Amino acid sequence: MTRAEAKERNRRALLDAAFHVVSRDGHRAALAEITERAGLTTGAVYSLFGSKNGLVVALVTDRLEPHYEEIERAVPVGADLLEAVDALARHQRRDCDAPGARGAVALQITLLDMALRDPELGERFAASVRAHEERLIALLFGRAHRGGTVGPERARRLAVALRALFVGLGQGVALGLAEDADEEHWAEAARALADGTHD
């Protein structure tokens, strides 16, 4: 195994261990338990991530990256704004029924709790989410709508609003508060939001 391969193996082991421990323990997650579960030392965390907070931020990125890759594949390239938002909403709703969906919501709530308790972590967490949100903005920007195209500021505002809508609906589905919120419900809400967003 090369040095780079060993580094990636250790990185993956720590991220997987952190996912398990942080999901269960939240802000009480012990770095010692994470490293023990990964079969590594705390030195590996500092070497690879800089700190426990660095590991948690990397965990967020590790979970968001494939999520946004799937979104980009789910939304047709040539679709207008409402078609794109419809496809996005339906994809997000199907995610709620995927294996591990409830665990993802639990982790989301746990990470929010951690970020609120630790301002430095909160800032880093927000920066990571914003960086990934740029991908959603890029996905919406330039799409045809009402005889024009979606500009950068409109795409930014819509991305923020859609993220909030999907997080809220997703938590509602996981908690049993939105049992009737099927794909059409999500798509209708997202299209209405997109159609009512003006410059």
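It should be noted that the structure appears before, not after, this text.
Please read all numbers here as calculations on a predicted model, not as lab measurements.

### A few points about the overall build of the chain
When helices and strands are counted, the chain shows 9 helices and 2 strands. Counting helices and strands in the order they occur from the N terminus, the chain gives α-α-α-α-α-α-α-β-β-α-α. The C-alpha extent of the chain, read off along each of the three principal axes, is 60 × 35 × 35 Å. In the chain, buried positions account for 41% of the 199 residues. Pairs at least 24 apart in sequence give 68% of the contacts found in the chain among residues at least 6 apart. Of the roughly 10600 Å² that the chain leaves accessible, carbon and sulfur atoms contribute 54%. Separation of charge centres in the chain, based on 26 positive and 31 negative side chains, amounts to 5 Å.

### Focus: helix 7 (residues 119-140)
Here helix 7 contains 22 residues, and its C-alpha end-to-end distance of 31 Å stays within 8% of the 32 Å for a straight helix at 1.5 Å per residue. Every buried residue of helix 7 is listed here: Leu121, Gly122, Phe125, Ser128, Val129, His132, Glu133, Leu136, Ile137, Leu139 and Leu140. In this fold, the buried residues of helix 7 make contact with helix 4 (52-74), helix 5 (81-95), helix 6 (101-117) and helix 8 (152-174). A distance of 3.1 Å separates the backbone nitrogen of Glu120 from a side-chain oxygen at the start of helix 7, and that oxygen is part of Asp118. A positive backbone phi angle near 85° is found at Gly142, which sits one or two residues after helix 7.

### Quick word on the nonpolar core
Membership of the largest hydrophobic core comes to 55 residues, with the highest contact counts inside it found for Leu55 and Leu140. At 9 residues, helix 4 tops the list of elements feeding residues into this core. With near-sequence residues (within four places) excluded, Leu55 lies in contact with Leu14, Leu15, Ala18, Leu31, Ile34, Val45 and Phe49.

### Notes on unusual backbone geometry
Positive phi outside glycine occurs at Arg146, with the angle close to 50°. Along the chain, Arg146 turns up in the loop between strand 1 (144-145) and strand 2 (148-149).

### Quick notes on helix 9 (residues 183-195)
An ideal rise of 1.5 Å per residue puts 18 Å on 13 residues; helix 9 measures up with 18 Å between its terminal C-alpha atoms. Of the positions making up helix 9, those classed as buried are Trp186, Ala187, Ala190 and Ala194. Angular distribution of buried residues about the axis of helix 9 spans 95°; they occupy a single face of the element. Where helix 9 is buried, its residues meet helix 5, strand 1 and helix 8.

### Considering the pattern of salt bridges
A complete count under the given rule lists 19 salt bridges for this structure. A salt bridge links Arg90 to Glu184, with the nearest nitrogen and oxygen atoms 2.4 Å apart. Here Glu184 lies in helix 9 and Arg90 lies in helix 5, a separation of 94 residues in the sequence. Since its relative accessible area comes to 35%, Glu184 is described here as partly exposed. Asp97 serves as the salt-bridge partner of Arg93, at 3.2 Å between the closest nitrogen and oxygen. Ionic contacts of the salt-bridge type, sharing partners, join the residues Asp86, Arg90, Arg94, Glu183, Glu184 and Arg191 into one network.

### Re the packing of helix 1 (residues 3-25) against helix 2 (residues 31-38)
In contact at an axis separation of 8 Å, helix 1 and helix 2 are set at 135° when each is read in the N-to-C sense. Accordingly, the angle class assigned to the pair helix 1 and helix 2 is oblique. Where helix 1 crosses over helix 2, the handedness of that crossing is right-handed. Here Ala13, Leu14, Ala17, Ala18, His20, Val21, Val22, Arg24 and Asp25 of helix 1 lie close against helix 2, whose contacting residues are Glu33, Ile34, Thr35, Arg37 and Ala38. Among the residues forming the contact of helix 1 with helix 2, the class breakdown is 8 nonpolar, 2 polar and 4 charged.

### Points about the side chain of Asn10
Take Asn10: it is sitting in helix 1. For Asn10, the side chain forms a polar contact with the side chain of Arg9, separated by 3.2 Å. For Asn10, the residues in contact, after removing those within four places along its chain, are Leu40 and Leu48.

Rules and cut-offs
- Residues numbered from 1 in each chain as written.
- Predicted model: local features only at pLDDT ≥ 70, side-chain atom pairs only at ≥ 80, totals over all residues.
- Heavy atoms only, no water.
- Helix = DSSP H or I, 4+ residues; strand = E, 2+ residues; numbered from the N terminus.
- Buried < 20%, exposed > 50% of the residue type's maximum accessible area, 1.4 Å probe, protein only.
- Contact = heavy atoms within 4.5 Å.
- Areas by Shrake-Rupley, 256 points an atom, 1.4 Å probe, with all protein chains shown as cover.
- Lys, Arg positive; Asp, Glu negative; His and termini not counted.
- Charge placed at Lys NZ, Arg CZ, Asp CG, Glu CD.
- Expected span 1.5 Å × (residues − 1).
- Polar contact = N/O pair within 3.5 Å; in protein donor to acceptor, adjacent residues only side chain to side chain.
- Core = buried A, V, L, I, M, F, W, Y, C linked by side-chain atoms within 4.5 Å.
- Arc of directions from axis to C-beta.
- Salt bridge = Lys/Arg side-chain N within 4 Å of Asp/Glu carboxyl O.
- Axes fitted to C-alpha atoms, helices over the stretch in contact; angles between N-to-C directions.
- Parallel < 35°, antiparallel > 145°, perpendicular 65-115°, else oblique.
- Left-handed = near helix turned anticlockwise from the far one by under 90°.
- Nonpolar A, V, L, I, M, F, W, Y, C, P; charged D, E, K, R; others polar.

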